[in-house]
Amino acid sequence: MKLLTDWGFSVNSWQGQRGEYWVFAQAAIIVSFMVLPVYPLPARTLALSTLYGLWAAAGVLGVLALVLMAKGLLDLGRSLTPLPHPRDDAQLVQSGVYSLVRHPLYSGLIVAALSWALYQRSLSHLAGAIVIFVFFNAKATLEETWLRQKYPEYGAYQQRVKKLIPWLY
């Protein structure tokens with residue numbers, strides 16, 4: 001229970017003032033993605049080399065996703081919260097993986113979903129990865145509203161570092 005209160009949850013969390021409903025929606029989206037049936041690409045036989053190439057790309061993306069998430073968790077440290085609202089005792093982290101992308105945990109989940117879609121060659125999972133991207137982009141936008149209010153230097157950080165995809169977006 002202490003962990004939940006440290007993260008910012010309280011008896012008033014049902015009001016959703018710190019973005020609690022976003023966390024529940026996030027859990028529902030991730031679970032939904034995991035139970036999606038595989039809807040394969042149109043029935044066209046792939047050459048074995050193409051199949052191995054897809055699997056290699058999926059593997060590289062999977063490793064990248066793990067690195068983004070693990071490094072994001074380590075670099076964020078005690079400032080970690082699943083809520084989009086920053087913790088009261090949080091510090092703005094701009095170093096480590098946060099010098100490459102502002103939301104590496106979200107990025108990692110997006111890349112992991114894309115990796116799985118490639119590995120499975122699944123159109124349904126590709127659509128799910130797009131939904132995950134749209135969701136985390138919206139959650140990050142809300143989060144950044146609160147981060148700008150809490151940290152005056154956040155605007156300059158936004159100008160230097162991309163939101164979800166290093167060097168691109």
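Look a little higher up for the structure.
A brief report on the enclosed structure follows. (Residues numbered from 1 in each chain as written. Predicted model: local features only at pLDDT ≥ 70, side-chain atom pairs only at ≥ 80, totals over all residues. Heavy atoms only, no water.)

Quick word on the layout of surface pockets
Then comes step 1: Taken as a whole, the largest pocket encloses approximately 570 Å³ of empty space.
Then comes step 2: Surrounding the largest pocket, 31 residues form its lining, L76, L80, T81, L105 and E143 being those nearest its centre.
Then comes step 3: Secondary-structure elements contributing two or more residues to the lining of the largest pocket are α3 (48-76), α4 (104-120), α5 (123-150) and α6 (154-160).
Then comes step 4: The biggest single contributor to the lining of the largest pocket is α4, with four residues.
Then comes step 5: Roughly 200 Å³ of internal volume is contained in the second largest pocket.
Then comes step 6: Looking at the lining of the second largest pocket, the elements with two or more residues in it are α3, α4 and α5.
Then comes step 7: The biggest single contributor to the lining of the second largest pocket is α4, with four residues.
Then comes step 8: For the lining of the second largest pocket, the class distribution of residues is eleven nonpolar, one polar and no charged. (1 Å grid on protein atoms, 1.4 Å probe; cavity = no way out; pocket = protein on both sides within 12 Å on 5 of 7 lines; lining within 4 Å. Points joined across faces, edges and corners; volume = space filled by probe spheres on them. Helix = DSSP H or I, 4+ residues; strand = E, 2+ residues; numbered from the N terminus. Nonpolar A, V, L, I, M, F, W, Y, C, P; charged D, E, K, R; others polar.)

Comments concerning the pattern of salt bridges
Then comes step 1: Per the counting criterion, the structure on display carries four salt bridges.
Then comes step 2: In this structure, R87 and D89 form a salt bridge, with 3.0 Å as the shortest nitrogen-oxygen distance.
Then comes step 3: Linking E144 and R102 is a salt bridge whose minimum nitrogen-to-oxygen distance equals 2.6 Å. Separated by 42 residues along the polypeptide, E144 in helix α5 and R102 in the loop between α3 and α4 bring together distant segments of the chain.
Then comes step 4: Residue E144 is classed as buried on the basis of its relative accessible area of 4%.
Then comes step 5: Here R102 falls in the buried class, since its relative accessible area comes to 9%.
Then comes step 6: Here the salt bridges share partners, and the residues they tie into one network are R78, R87 and D89. (Salt bridge = Lys/Arg side-chain N within 4 Å of Asp/Glu carboxyl O. Buried < 20%, exposed > 50% of the residue type's maximum accessible area, 1.4 Å probe, protein only.)

As for helix α2 (residues 20-35)
Then comes step 1: An ideal rise of 1.5 Å per residue puts 22 Å on 16 residues; α2 measures up with 23 Å between its terminal C-alpha atoms.
Then comes step 2: Looking only at α2, the buried set comprises E20, V23, Q26 and F33. Projected onto a plane normal to the axis of α2, the buried residues spread over an arc of 145 degrees and lie on a single side. Opposite the packed face of α2, turned more than 90 degrees from it, sit the exposed residues F24 and V35.
Then comes step 3: In this fold, the buried residues of α2 make contact with α4 and α5. (Expected span 1.5 Å × (residues − 1). Arc of directions from axis to C-beta. Contact = heavy atoms within 4.5 Å.)

A closer look at the packing of α2 against α5
The relative placement of two packed helices is expressed as an angle between their axes plus a distance between the axes.
Then comes step 1: The geometry of α2 relative to α5 is characterised by a closest axis approach of 10 Å and an angle of 165 degrees between their N-to-C directions. For the element pair α2 / α5, the angle class is roughly antiparallel. Crossing hand, α2 versus α5: left-handed. Of α5, the residues touching α2 (which contributes W22, A25, Q26, I29, I30 and F33) are H125, G128, A129, I132, F135, F136, A138, K139 and L142.
Then comes step 2: Tallied by class, the residues present in the contact of α2 with α5 amount to eleven nonpolar, three polar and one charged. (Axes fitted to C-alpha atoms, helices over the stretch in contact; angles between N-to-C directions. Parallel < 35°, antiparallel > 145°, perpendicular 65-115°, else oblique. Left-handed = near helix turned anticlockwise from the far one by under 90°.)

Regarding the packing of α3 against α4
Then comes step 1: Running from amino to carboxyl end, α3 crosses α4 at an angle of 160 degrees, the nearest separation of the two axes being 8 Å. Judged on the interaxial angle alone, α4 and α3 are roughly antiparallel. For the crossing formed where α3 meets α4, the hand is left-handed.

Function cannot be read off these values alone, since they describe shape.
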